[in-house]
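Descriptive analysis of the structure
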There are 2 protein chains.
Amino acid sequence: MQRTIHGRPYEQTEAGPKFRPCAPHDVLARLGDKWTILVVSHLAIAEGHRLRFSELKRGIEGITQRMLTLTLRNLERDGLLTRHCFAEVPPRVEYELTEMGDSLLPALAGFTAWIRDNWPRLEACRRAFDEAQRQDS
Amino acid sequence: MQRTIHGRPYEQTEAGPKFRPCAPHDVLARLGDKWTILVVSHLAIAEGHRLRFSELKRGIEGITQRMLTLTLRNLERDGLLTRHCFAEVPPRVEYELTEMGDSLLPALAGFTAWIRDNWPRLEACRRAFDEAQRQDS
DNA sequence: CCGGATCCCAGTCGATACTG
DNA sequence: CAGTATCGACTGGGATCCGG
């Protein structure tokens, strides 16, 4: 039997509930990596949703050339980003959010609000837990 | 100057936009790990938002004892879960979503909808990209 | 039944150096 | 300017065995 929870489909089997492989996990795993969200955010607030490599690199503190390259490649692979390459000297490459990439951040708005509301409590819980942990040891 | 994009706060500095450390990244990184979402989902559809260790283990295909233990510990640390330990023989431990943990999934509803709508296109983009990649090589 | 302890691998990320 | 190549540290996660 096919049901849904919080917009998420799953099947009720005899052995128990089974979630579909379409799981948010793949997307979350990408978004959860170290730089992706920052890159998308910077592009989202840029005019034309478009920035060149060096602008992104300057804007994101601590990112290395290598990681920026990899992050951009992955976003391009998922169709969230397009690469505009100009054969000039010196070379210039611009990255632009696709329509799909542009719709990603707004879709996260509800979650962002949740984080804003719960972050302090969550951090407090962590500290309390770690504190209790150190007592035992 | 303090601004906001898609509910996400950032500062506009001379050097460019700077996002606050409160970034969703910490939470996303946890949610993006291999099992967290599945555990939370199973608890969310359980009656009383409550399941015991072995029920979770049976319900989540492929998870090992070790990973289930770690995932539950992390959720407990963040205050999304409480552990109810019964000193019986054989021992019994139940895990229950806290109010905060319970509010997490609904907060993700918008994002879940986005995934449902865009997943096919995203997968198609991946395949196309990988295909083009093999041509070049 | 619940989970801690140990070993190991594969993937992620940083640092550095080099190229068109 | 915008990458690629290489090396090494660290870590998430699986397999297995052990203990209360």
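Bear in mind the structure is a predicted one, so any value in this text is a computation, not a measurement.

Reading the values: rules and limits
- Residues numbered from 1 in each chain as written.
- Chains lettered and ligands numbered in written order.
- Predicted model: local features only at pLDDT ≥ 70, side-chain atom pairs only at ≥ 80, totals over all residues.
- Heavy atoms only, no water.
- Contact = heavy atoms within 4.5 Å.
- Buried area = accessible area lost by both parts, 1.4 Å probe.
- Salt bridge = Lys/Arg side-chain N within 4 Å of Asp/Glu carboxyl O.
- Polar contact = N/O pair within 3.5 Å; in protein donor to acceptor, adjacent residues only side chain to side chain.
- Helix = DSSP H or I, 4+ residues; strand = E, 2+ residues; numbered from the N terminus.
- Pairing = 2+ DSSP bridges.
- Axes fitted to C-alpha atoms, helices over the stretch in contact; angles between N-to-C directions.
- Buried < 20%, exposed > 50% of the residue type's maximum accessible area, 1.4 Å probe, protein only.
- Near = heavy atom within 4 Å.
- Nonpolar A, V, L, I, M, F, W, Y, C, P; charged D, E, K, R; others polar.

Contacts between chain A and chain B engage 56 residues on the former and 56 residues on the latter. Interface area for chain A against chain B, summed over the two sides, is near 5500 Å², with a carbon-plus-sulfur share of 70%. For chain A, the biggest contributors to the area lost against chain B are His-6, Arg-77 and Trp-114 of chain A; these three give 13% of the whole. Counting the contacts that link chain A with chain B gives six salt bridges. Among the ionic pairs, Glu-61 of chain A bridges to Lys-18 of chain B, the shortest N-O distance being 3.3 Å. Linking chain A with chain B are 20 residue pairs in polar contact (both at pLDDT 80 or more), by the criterion used here. Where the side of chain A that touches chain B is concerned, the elements lending two or more residues are strand S2 (8–13), strand S3 (16–19), helix H1 (25–31), helix H2 (36–45), helix H4 (65–77), helix H5 (99–107) and helix H6 (109–136) of chain A. Looking at the side of chain A that touches chain B, the element that brings in the most residues is H6 of chain A, giving 15 residues.

The next thing to look at is the sheet that holds strand S6 (residues 92–97) of chain B. All names here are of chain B. Sheet architecture is open: three strands sit in the order S4-S6-S5, paired in antiparallel fashion. Strand pairing shows two members of the sheet lacking a second neighbour, strand S4 (50–52) and strand S5 (81–86), which therefore form its edges. Across the sheet, the axes of successive neighbouring strands diverge by a mean angle of 25°, strand direction being ignored. Relative to S6, S4 is paired through three bridges, and the arrangement is antiparallel. Each residue of the ladder has a partner; that of Leu-51, found in S6, is Tyr-95.

By secondary structure assignment, the location of Asn-118 of chain B is in helix H6 (residues 109–136). At 2.8 Å, the side chain of Asn-118 of chain B and the backbone oxygen of Trp-114 of chain B are in polar contact.

With that out of the way, let us pick up the environment of Thr-4 of chain B. All names here are of chain B. As for its placement among the helices and strands, Thr-4 is situated in strand S1 (residues 2–5). Judged by relative accessible area, which is 53%, Thr-4 ranks as exposed. With 71 residues separating them in the primary sequence, Thr-4 and Leu-75 have C-alpha atoms 29 Å apart. Other than its neighbours up to four places away in sequence, Thr-4 contacts Pro-9 and Tyr-10.

Quick look at the protein's contact with DNA strand D now. Residues in contact with DNA strand D amount to 20 residues; listed here are only the nearest, Ser-54, Gln-65, Arg-83 and Tyr-95 of chain A together with Arg-66 of chain B. Considering DNA strand D, the proportion of its atoms within 4 Å of the protein that are sugar or phosphate atoms stands at 58%. At 2.6 Å from a base nitrogen of DNA strand D is found a side-chain nitrogen or oxygen belonging to Gln-65 of chain A. At 3.4 Å, a backbone N or O of Pro-91 of chain A approaches a sugar or linking oxygen of DNA strand D. Of all the elements in the fold, those that place two or more residues in the surface near DNA strand D are helix H3 (53–59), H4 and strand S6 (92–97) of chain A together with helix H4 (65–77) of chain B. In terms of residue class, the surface near DNA strand D is made up of eight nonpolar, four polar and eight charged.

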